[in-house]
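Each chain is listed here by its residues.
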Amino acid sequence: MWVTPLTQLGQQKHLEQDDLWEMLPGDQAANLTGFQTRLKQHGSIVRALFGEYGGGLLWSGLVKLVHDLLMFTPPFLLEKLLKHVQAPDAGRAVSVALALAMLCASSLESLSINLYFHALYRMSAHVKVNMVTMLYSKVEACGALDMWMCVCVCRTGWMDGWMDGWMDGW
């Protein structure tokens, strides 16, 4: 399995940055600048998002459509197989072909839905990175970076439980 060496290393020691794999160049925050450029051109977040990720959304919609169409294939083939098997002159070759077609349709269905979710997961991660980058640069421009980070830490609960009980002895 491809992740086994990393999990074995993680059992032996605490993982460090050098132990992990490199990110794809297209997933690195430094390379996700197309949204910022489009936002400056259009001035609208919706237009910039659709301009940057619209093609990927349309492609993943097409993959989802293929998946939805493939969902109907195995029951249809099963009905054909059952009718064929019940016929008195049923040949094995046709039965095997229908069974293999069901297997192929189910495999393609599984592949397409996983591809769809993977594409949407990557796009959502890119959108999150772009939104955080945009917010961070705006707050930095205002000079209120320390206050913003304090609010983020308090609202997200990153520090929950960190100082619980620090005054118990007083």
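Definitions and limits used
- Starting afresh in each chain, residues are numbered from 1 along the sequence in its written order.
- Per-residue local features of the predicted model are confined to residues with pLDDT of at least 70, and side-chain atom pairs are confined, for both listing and counting, to 80 or more; whole-chain, interface and lining totals are unaffected and use all residues.
- The basis for every side-chain value is the complete set of non-hydrogen atoms in the structure, without hydrogens or water.
- Numbered from the N terminus, helices here are DSSP runs of H or I no shorter than four residues, and strands are runs of E no shorter than two.
- A 1.4 Å probe rolled over the protein chains alone gives each residue an accessible area, and that area as a share of the maximum for its type sets the label: buried under 20%, exposed over 50%, partly exposed in between.
- The contact definition used throughout considers only heavy atoms, calling two residues in contact when any of these lie within 4.5 Å.
- Take the seven residues that end at a residue and the seven that start at it, fit an axis to each, and the angle between those axes is the bend at that residue.
- The term polar contact refers here to a pair of N or O atoms within 3.5 Å; inside protein, the definition further demands a hydrogen-donor-capable atom paired with an acceptor-capable atom, and it admits residues adjacent in sequence only when both atoms are side-chain atoms.
- Whenever Lys or Arg places a side-chain nitrogen within 4 Å of a carboxyl oxygen from Asp or Glu, that contact is recorded as a salt bridge.
- A score from 0 to 100, pLDDT tells how confident the predictor is in each residue.
- Two aromatic rings, drawn from Phe, Tyr or Trp (for Trp, its six-membered ring), form a pair once their centres lie within 6.5 Å of each other, and the interplanar angle then sorts them: stacked below 30 degrees, edge-to-face above 60, tilted otherwise.
- Counted as over-ring charges are cases with an Arg CZ or a Lys NZ within 6 Å of the ring centre that also lie within 35 degrees of the ring normal.
- Positive charges come from Lys and Arg, negative ones from Asp and Glu, while His and the chain ends are left out of the count.
- To count toward a patch, a residue needs a relative accessible area over 30% and no salt bridge; like charges are then connected within 9 Å, while nonpolar side chains (Val, Leu, Ile, Met, Phe, Trp, Tyr) are connected within 5 Å.
- The Shrake-Rupley method, run with a 1.4 Å probe sphere, supplies the accessible areas, and residue values consider only the shown protein chains as cover.

Caption draft 1: Spotlight on the overall build of the chain. Scanning the chain from terminus to terminus reveals six helices and zero strands. Starting at the N terminus and walking to the C terminus, you meet the elements of the chain as α-α-α-α-α-α. Split into buried and exposed, the 170 residues of the chain put 19% on the buried side. Contacts in the chain between residues far apart in sequence, at least 24 positions, make up 58% of those at least 6 positions apart.

Caption draft 2: Just helix H3 (residues 45-71), in detail. Of all bends in H3, the biggest is about 60°, found at Tyr 53. Residues of H3 that are buried include every one of Ala 48, Tyr 53, Gly 54, Ser 60, Val 63, His 67 and Leu 70, and no others. Measuring from the backbone nitrogen of Val 46 back to the side-chain oxygen at the start of H3 gives 3.4 Å, which picks out Ser 44 as the cap.

Caption draft 3: View of the pattern of salt bridges. The final tally for this structure, using the stated rule, is five salt bridges. Arg 38 is the partner of Glu 52 in a salt bridge, and the nearest nitrogen-oxygen pair spans 2.9 Å. Here the residue Glu 52 occupies a position in helix H3, and Arg 38 occupies one in helix H2 (residues 34-42), the gap between them amounting to 14 residues. Residue classification places Glu 52 among the partly exposed positions, given a relative accessible area of 29%. On the basis of relative accessibility, which here comes to 30%, the residue Arg 38 falls in the partly exposed class.

Caption draft 4: Expanded view of the confidence of the model for the chain. Confidence in the prediction of the chain, expressed as mean pLDDT, is 83, and 84% of residues score 70 or more. Mean pLDDT across the elements of the chain bottoms out in helix H6 (residues 145-156) (58) and peaks in helix H4 (residues 73-86) (93).

Caption draft 5: Examining the environment of Leu 6 more closely. Within the secondary structure, Leu 6 is located in helix H1 (residues 4-12). In contact with Leu 6, other than residues within four places in its own chain, are Leu 15, Asp 19, Leu 20 and Trp 21.

Caption draft 6: Expanded view of the packing of aromatic side chains. Summed over the entire model, instances satisfying the criterion amount to one aromatic pair. Above the face of the Tyr 116 ring, Lys 64 is positioned so that its terminal group lies 5.8 Å from the ring centre.

Caption draft 7: Summary view of the side chain of Glu 109. Within the secondary structure, Glu 109 is located in helix H5 (residues 92-142). For the buried Glu 109, which has no salt bridge, the nearest side chain bearing the opposite charge is Lys 64, at an N-O separation of 8.5 Å. Non-local contacts of Glu 109, meaning those with residues more than four positions away in its chain, are made with His 67, Leu 70, Met 71 and Pro 74.

Caption draft 8: Looking closely at a nonpolar patch on the surface. A grouping of Leu 62, Leu 65, Val 66 and Leu 69 is seen on the molecular surface, where their side chains present a nonpolar patch of about 380 Å² in accessible area. Counting through the fold element by element, Val 66 comes out in helix H3.

Caption draft 9: Here's a closer look at the side chain of Ser 112. Position of Ser 112 relative to the elements: it lies in helix H5. By relative accessible area, which is 8% here, Ser 112 ends up buried. At 2.9 Å, the side chain of Ser 112 and the backbone oxygen of Glu 109 are in polar contact. Once residues lying within four places of it in the same chain are set aside, the contact partners of Ser 112 are Val 63, His 67 and Leu 70.

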